[in-house]
Amino acid sequence: MTKRILIVDDEPNIVVSLEFLMKREGFDVAVAADGEAALKAVEEKRPDLVLLDIMLPKKNGFEVCQTIRANPEWQAVKIVMLTAKGRDTEVAKGTALGADAYMTKPFSTKDLIAQVRQMLDVV
Amino acid sequence: MLQGWVIASVSFAYLGVLFAIAYFGDKRADAGRSVIANPTIYALSLAVYCTTWTFYGSVGRAASTGIGFLPIYLGPTLMAGLWWFVMLKIIRISKANRITSIADFVSSRYGKSQLLGGLVTVIAVVGIVPYISLQLKAVSNSFTILLHYPEIVMPARAEALPLLQDSALYIALILAAFTILFGTRHLDATERHEGMVAAIAFESLVKLVAFIAVGAFVTFGIYNGFGDIFDRAEVVPKLKALMTVADTGASYGGWWSLTFLSMLSIMFLPRQFQISVVENVNERHLARAIWLFPLYLLLINIFVLPIAIGGMLHFSDGSVDADTFVLTLPMAEKQEALALLVYIGGLSAGTGMVIVETIALSTMVCNDLVMPVLLRWKALRLHEERDLSGLLLSIRRWAIAVILLLGYVYFRAAGEAYALVGIGLISFAAVAQFAPAIIGGIYWKGGTRRGAMAGLIAGFAVWTYTLLLPSFAKSGWLSLDFISEGLFGIGLLKPQQLFGLTGLGEIPHSLFWSMLANIGCYVAFSLRTRPDVVEASQGTLFVDVFRNTEGAAGSRFWRGSAQVQDLLPLIGRFLGPERARDAFLAYARRRGLASIDVLEANADLVHFAETLLAGAIGGASARVMVASVVKEEPLGLDEVMNILDEASQVRAYSKQLEQKSRELEAATAELRAANERLKELDRMKDDFMSTVTHELRTPLTSIRAFSEILLEDPKTDLSDRRKFLAIIVKETERLTRLINQVLDMAKIESGNAEWHTADVDLHEVIEESIAATSSLFSDRRVALDMTLAGAVPKVRADRDRLIQVMLNLLSNAVKFCEEEAGRVTVRLGVEGSTVRVDVADNGPGISEADQPYIFEKFRQVGDTMTAKPQGTGLGLPISRQIIEHFGGRLWVKSSPGQGAIFSFSLPMNREANEHQEERKAK
């Protein structure tokens, strides 16, 4: 079954790059540009993994993460926080809120792909 | 009708009423509900000043010297005005130091000197005895005259009467008994006699009523009013003279000295001091006394002159003594009841004086004369006696009896030589000797004991020589040569014309010399001696009484220790064990302690004990007694001075300290505020750094991602390849812009920016920036309008920077306009002393809440937008900094749905423009 990835970021160009990467890997891709849209998208069609930016309009990434984790139905959804904020406090907060991984921008495409593959158990 | 037994029984009845009032007053006082806590009663009681001298003697004096009787009452009236200062101070001091008599006051002020107290007592007794005999004479005379009703017979000369037939003797004895009953029923710690005061106030009323009654009778009953009397007097030349003041220097001198004497007497007569100071319940009563007492004096003197003239007219043959007119006129008119009333009035006046004066004198004699001697007389071993209160009382009783008998003796021996008034004035002159020591004592800390003693002795000596001895001589005890020839025949030592000073009456003469000697010695000896420890501390206590706080003042200058177990029995010996115990218990309770045993043995306690004892035996003796029980560590004078110095130093130091601490507080507050500001700035810097790094990383992410994608797969789609490379380029540009702007902002804010200031024409600026953004406008198909005023003055600014601002505003306007329908308007004009530019768009507008935010770093208003706004968020803040750097303003006016107008204004460059005008004109 094709895995579904939800990309949440308000920077259009970054979205373009991520979309391209994920599609190249053969995943299904959905996009959301702000926190509320992200939650809506999760509801509509539950993704297998979310690439979650933190600085989002309307609801920020932490809130989205918290909401997803609060819902027992979405326990299986993997959350990878992808953000330019790299301070230790932020990392700790993300992990505490239930993110499965935390990557800082700018990221290495190789590393990102490897991380996603590993999380989705795809060889 | 007026037989002897009637008169006698009426007299006794009146005395009985007085006694009843006194008894009632004392009972109420013991129950704590004082009847005399009333300013009117206080003022009335002061009228004890008016004795039979006033009642009978004023008329007598008026008959011989006209209004020459007035000065005696002018003095007190004038003095009443000064009471608020002098009397208040004396009362305050006396309350604070538990003063019980005038001797106590003087001795206490000058170092609790027993010697001084004794001296004052002796002077008082010697001075007052003649005055007392005057009262005896008046009362007995009035009794005798009334007895002979309806005939009017002048009493025989006193010497002529055999002793046992002399009514005066009996009167003296009765008065002695009465006074003893009145005033020595128990020892009071404060020496107050509330019952006596009530009785005195009553008798003041009685004598006033009686005098006014006879006055009204004479004026309106016998004659037809004041006018009638004075008209008849005009006719008789001798009488006419009475109504004017004689114009000789002697009489002026007489007036002044009499007024002065009575001003002093109203304060320093022992009975006046007793009533006005010792018996004073509340110093605020003084306020009413200041006007009520002079009013009383006025009322009692209104009818004096009419009665005198009436008497002279009626008894024109001169057979009747003028002193007796008050009594003989009603008798002559057969008014029995009125005559009896007048007699009672006179009796009232006399007994009032005698009672208060002898009580005051006996207190002084006991406390300041007898007790010190007895206490020193080791043979009596008095300090081992358990209860001395009985002894004290009997001493006082004997003193009363002796004083009255002395008065009688003087009356028999010398009473006839003078009219009543003359005797009284001699007493006034005696108590006037207290004035320098007392008045000096309350205002001059430099007054010393030696000075006071010297002054008193000198003044008393002069008084004796110029008044007392001549009075003996005129009574036949001494040879009259002594008056006419002077002592040892030396003319300059003539007692009534000392050192050749003639032309003064005997009273003014004596007053002059005695005051000169008194004040001179007081001042001279005080200046030449230093006060010792106790004098200095007492001096401070007295002079600074208004400054000292209550209570603690006295004990500051004392160091020592005493146990309650020692003090209590000591006090008990004088006050009685019961009263002593009660007093100590009250003291302990005031300090919040439950029982006497826990009282601390410190200076306060000793001071308390001393004060308590002073009420019974006087300050000086109390000190001696307490000292015998207490282990005192004497303070040297230097130590006292050090304490005083310290006190003032401490005060100054604490003021300094207060000021310093206030300054410190202010500085701390400032520092705290500065710290807050620094923390705030730090936080802002942190936020800034965080935001900047975030902003920088975002374009970098795209650049890296796409670069890696392209690198990894050479076979990527061409269209994709193109797309990605374009993005990379754009993001690089974005990154560069961002870095530039951040640096720009940092430079401007830190003041390191370079400014190239010159005269700038805004026309050019606008035109250039429009040209630069033309592609933006055409890309989004937004229309641009311009409304530029013609000639606009130049501004002093950096041209490139202004272009930067215009570019920012224009690009914002385009960005936020809708495509196609968008319209941007640029306006340029002059407003007041500034040049103003507006850039208006018809975009969505900015809500009021957001308006302040858009000028903040990295803030962008994006909620209304679907896409994230392009831009760094630094454009507006930088523009504002630029404009404000040149003294201008940048602001926005907008409401949602109405578009936005961004405006900035810059001050005109006056000088340059003027120069340009001038150049144009040329």
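Being a predicted model, the structure only gives us computed values, none of them experimental. (Residues numbered from 1 in each chain as written. Chains lettered and ligands numbered in written order. Predicted model: local features only at pLDDT ≥ 70, side-chain atom pairs only at ≥ 80, totals over all residues. Heavy atoms only, no water.)

When helices and strands are tallied, chain B shows 34 helices and 9 strands. The burial tally for chain B puts 53% of its 922 residues in the buried class. Look at the contacts in chain B between residues 6 or more apart in sequence, and 80% of them connect residues 24 or more apart. Accessible surface, chain B: about 41400 Å² in total, of which carbon and sulfur atoms supply 59%. (Helix = DSSP H or I, 4+ residues; strand = E, 2+ residues; numbered from the N terminus. Buried < 20%, exposed > 50% of the residue type's maximum accessible area, 1.4 Å probe, protein only. Contact = heavy atoms within 4.5 Å. Areas by Shrake-Rupley, 256 points an atom, 1.4 Å probe, with all protein chains shown as cover.)

Attention now goes to the overall build of chain A. Across its full length, chain A holds 5 helices and 5 strands. Of the roughly 5800 Å² that chain A leaves accessible, carbon and sulfur atoms contribute 48%.

All right, on to helix α23 (residues 533–543) of chain B then. Where burial is concerned, most of α23 of chain B is hidden: 11 out of the 11 residues are buried. Looking at α23 of chain B, one finds that the buried residues are Val533, Val534, Glu535, Ala536, Ser537, Gln538, Gly539, Thr540, Leu541, Phe542 and Val543 of chain B.

This brings us to the interface of chain B and chain A. The interface is formed by 22 residues belonging to chain B together with 20 residues belonging to chain A. The junction of chain B with chain A conceals about 2000 Å² of combined surface from both sides, 59% of it contributed by carbon and sulfur atoms. Applying the counting rule to chain B against chain A returns 2 salt bridges. Glu712 of chain B is the salt-bridge partner of Arg24 of chain A, the closest N and O atoms lying 2.9 Å from each other. (Buried area = accessible area lost by both parts, 1.4 Å probe. Salt bridge = Lys/Arg side-chain N within 4 Å of Asp/Glu carboxyl O.)

Residues and elements named next belong to chain B. Across the interface, helix α30 (residues 718–750) lies against helix α33 (residues 875–885) with an axial gap of 10 Å and an inter-helix angle of 30 degrees. Of the possible angle classes, the one that applies to α30 and α33 is roughly parallel. Seen along the crossing, α30 lies across α33 with a hand that is left-handed. Between α30 and α33, the residues in contact are Gln741, Asp744, Met745, Ile748 and Glu749 and Gly875, Pro877, Ile878, Gln881 and Ile882, respectively. Its residues assigned to classes, the contact of α30 with α33 comprises 5 nonpolar, 3 polar and 2 charged. (Axes fitted to C-alpha atoms, helices over the stretch in contact; angles between N-to-C directions. Parallel < 35°, antiparallel > 145°, perpendicular 65-115°, else oblique. Left-handed = near helix turned anticlockwise from the far one by under 90°. Nonpolar A, V, L, I, M, F, W, Y, C, P; charged D, E, K, R; others polar.)

Let's shift gears to the nonpolar core. Residues and elements named next belong to chain B. The biggest cluster of nonpolar side chains holds 166 residues, and the ones touching the most others in it are Tyr49, Trp83, Ile307 and Phe434. At 17 residues, helix α6 (residues 114–147) tops the list of elements feeding residues into this core. Trp83 has contacts with Leu46, Leu88, Ile266, Met267, Leu286, Ala289, Ile290 and Phe293, leaving out every residue within four places of it along the chain. By size, the runner-up hydrophobic cluster in this structure holds 48 residues, among which are Val792, Met806, Phe855 and Ile882. (Core = buried A, V, L, I, M, F, W, Y, C linked by side-chain atoms within 4.5 Å.)

All names here are of chain B. Taking strand neighbours across the sheet as the criterion, the 5 strands line up as β4-β6-β7-β9-β8 in an open arrangement whose pairing is mixed. Only two strands of the sheet have a single partner each, and these edge strands are β4 (783–788) and β8 (889–894). Averaged over all adjacent pairs, the angle separating strand axes in this sheet is 15 degrees, with direction ignored. Of the pairings in the sheet, the one linking strand β7 (residues 834–841) to strand β9 (residues 900–907) comprises 8 bridges and is antiparallel in character. Residue pairing across strands places Thr834 opposite Pro907, the latter belonging to β9. Contacting β8 and β9, α33 runs over the sheet at an angle of about 135 degrees to β8. (Pairing = 2+ DSSP bridges.)

Looking now at the packing of helix α8 (residues 194–222) of chain B against helix α13 (residues 285–301) of chain B. Residue and element names in this part refer to chain B. For the pair α8 and α13, interaxial distance at closest approach is 9 Å and the crossing angle is 35 degrees. Along its contact with α8, which presents Ser204, Lys207, Leu208, Phe211 and Ile212, the element α13 presents Tyr296, Leu299 and Ile300. Taken together, the residues of the contact of α8 with α13 sort by class into 6 nonpolar, 1 polar and 1 charged.

Turning next to the side chain of Asp104 of chain B. Residues and elements named next belong to chain B. With respect to the element layout, Asp104 can be found in helix α5 (residues 102–109). Despite being buried, Asp104 has no salt bridge partner; Lys112 is the closest side chain of opposite charge, sitting 8.8 Å away. At 3.0 Å, the side chain of Asp104 forms a polar contact with the backbone nitrogen of Thr100. Beyond its immediate sequence surroundings of up to four residues, Asp104 is in contact with Arg98, Ile99, Asp368, Ala614, Gly618, Gly619 and Ala620. (Lys, Arg positive; Asp, Glu negative; His and termini not counted. Polar contact = N/O pair within 3.5 Å; in protein donor to acceptor, adjacent residues only side chain to side chain.)

What follows concerns the pattern of salt bridges. Side-chain pairs of opposite charge can arise where the charged atoms are in close proximity. Residues and elements named next belong to chain B. What the rule picks out here adds up to 25 salt bridges over all chains. A salt bridge links Arg801 to Asp744; the nearest nitrogen and oxygen atoms lie 2.8 Å apart. Of this pair, Arg801 sits in helix α32 (residues 799–816) while Asp744 sits in helix α30, and the two are 57 residues apart along the sequence. Classification of Arg801 as buried rests on a relative accessible area of 10%. Judged by relative accessible area, which is 12%, Asp744 ranks as buried. Where Asp785 meets Arg823, a salt bridge forms, and the shortest distance between an N and an O atom there is 2.9 Å. Linking Asp785 in strand β4 with Arg823 in strand β6 (residues 823–831), this pair joins segments that are 38 residues apart in sequence. Look at Asp785 and you get partly exposed, because its relative accessible area is 27%. Through salt bridges with shared partners, one network takes in Arg827, Glu831, Arg836 and Asp838.

The subject of this paragraph is a nonpolar patch on the surface. Taken together, Phe220, Phe226, Trp291, Leu295, Leu298, Leu299 and Ile302 of chain B make up a surface patch of nonpolar side chains, about 640 Å² in accessible area. When you line up the elements, Trp291 of chain B lands in helix α13. (Patch = residues over 30% accessible without salt bridge, like charges linked within 9 Å, V, L, I, M, F, W, Y side chains within 5 Å.)

A few words on helix α16 (residues 336–376) of chain B. Given a rise of 1.5 Å per residue, 41 residues ought to cover 60 Å, and the 57 Å separating the end C-alpha atoms of α16 of chain B matches this to within 8%. Taking the largest bend as the criterion, α16 of chain B deviates by roughly 40 degrees, centred on Val370 of chain B, and proline Pro372 of chain B comes between one and four positions later. (Expected span 1.5 Å × (residues − 1). Bend = angle between axes of the 7 residues up to and from the residue.)

Attention now goes to the confidence of the model for chain B. Residue and element names in this part refer to chain B. Of all residues in chain B, 84% attain a pLDDT of 70 or more, and the chain-wide mean is 81. By mean pLDDT, helix α24 (residues 552–555) is the weakest element of chain B at 45, and β9 is the strongest at 92. The model gives residues 549–555 a pLDDT under 50, and that stretch makes 8 contacts with residues more than four places away or in other chains. (pLDDT = per-residue confidence, 0-100.)

Let's shift gears to the environment of Ala20 of chain B. By the secondary structure assignment, Ala20 of chain B is in helix α1 (residues 4–30). Taking the C-alpha atoms as reference points, Ala20 of chain B and Phe182 of chain B, 162 residues apart in sequence, are found 9.9 Å from one another.

Right, let's talk about unusual backbone geometry for a bit. The residue after Lys105 of chain A, namely Pro106 of chain A, is reached through a cis peptide bond having omega -15 degrees. Within the secondary structure, Pro106 of chain A is located in the loop between β5 (101–104) and α5 (109–119). Phi at Lys334 of chain B takes a positive value of approximately 60 degrees, unusual for a residue other than glycine. With respect to the helices and strands, Lys334 of chain B occurs in the loop between α15 (325–332) and α16. With relative accessibility at 53%, the residue Lys334 of chain B sits in the exposed group. For Arg781 of chain B, which is not glycine, the phi torsion reads 55 degrees and is therefore positive. With respect to the helices and strands, Arg781 of chain B occurs in the loop between α31 (762–780) and β4.

This next bit is on the packing of aromatic side chains. Residue and element names in this part refer to chain B. Scanning all chains against the criterion turns up 22 aromatic pairs over all chains. Geometrically, the ring pair formed by Phe55 and Tyr56 is edge-to-face, given 5.3 Å between the ring centres and 85 degrees between the ring planes. In this structure Phe55 comes out as buried when scored by relative accessible area, which is 2%. Taken together, the ring pairs connect Tyr49, Trp53, Tyr131, Phe293 and Phe428 into an aromatic cluster. (Phe/Tyr/Trp six-rings, centres within 6.5 Å; stacked < 30°, edge-to-face > 60°.)

A few words on the sheet that holds strand β3 (residues 49–52) of chain A. Residues and elements named next belong to chain A. A sheet is described by the order of its strands in space; here 5 strands give the open sequence β2-β1-β3-β4-β5, paired in parallel fashion. Each edge of the open sheet carries a strand with a single partner, namely β2 (28–32) and β5. Taking each pair of neighbouring strands and ignoring which way they run, the sheet shows an average axis angle of 20 degrees. Strand direction decides the pairing type here: strand β4 (residues 78–83) and β5, joined by 4 bridges, are parallel. Within the sheet, the bridge partner assigned to Met81 lies in β5 and is Tyr102. Across the sheet, helix α2 (residues 35–44) lies against β1 (4–8) and β2, angled at about 170 degrees from β1, the strand it touches most.

A few words on the pairing of β1 of chain A. Residues and elements named next belong to chain A. Most of β1 is tucked away: 5 of the 5 residues are buried. Going residue by residue along β1, you find Arg4, Leu6 and Val8 tucked away on one face and Ile5 and Ile7 tucked away on the opposite face as well. Relative to β2, β1 runs parallel, the two being bridged by 5 bridges. When the bridges of β2 are listed, Ile7 appears paired with Val31. One crossover worth recording links β1 to the parallel β2 by way of helix α1 (residues 12–25), and it is right-handed. Bridge count for β1 against β3 is 4 bridges, and the pairing is parallel. Bridge assignment links Ile5 to a residue of β3, and that residue is Leu49. (Right-handed = clockwise from strand over helix to strand, strands pointing away.)

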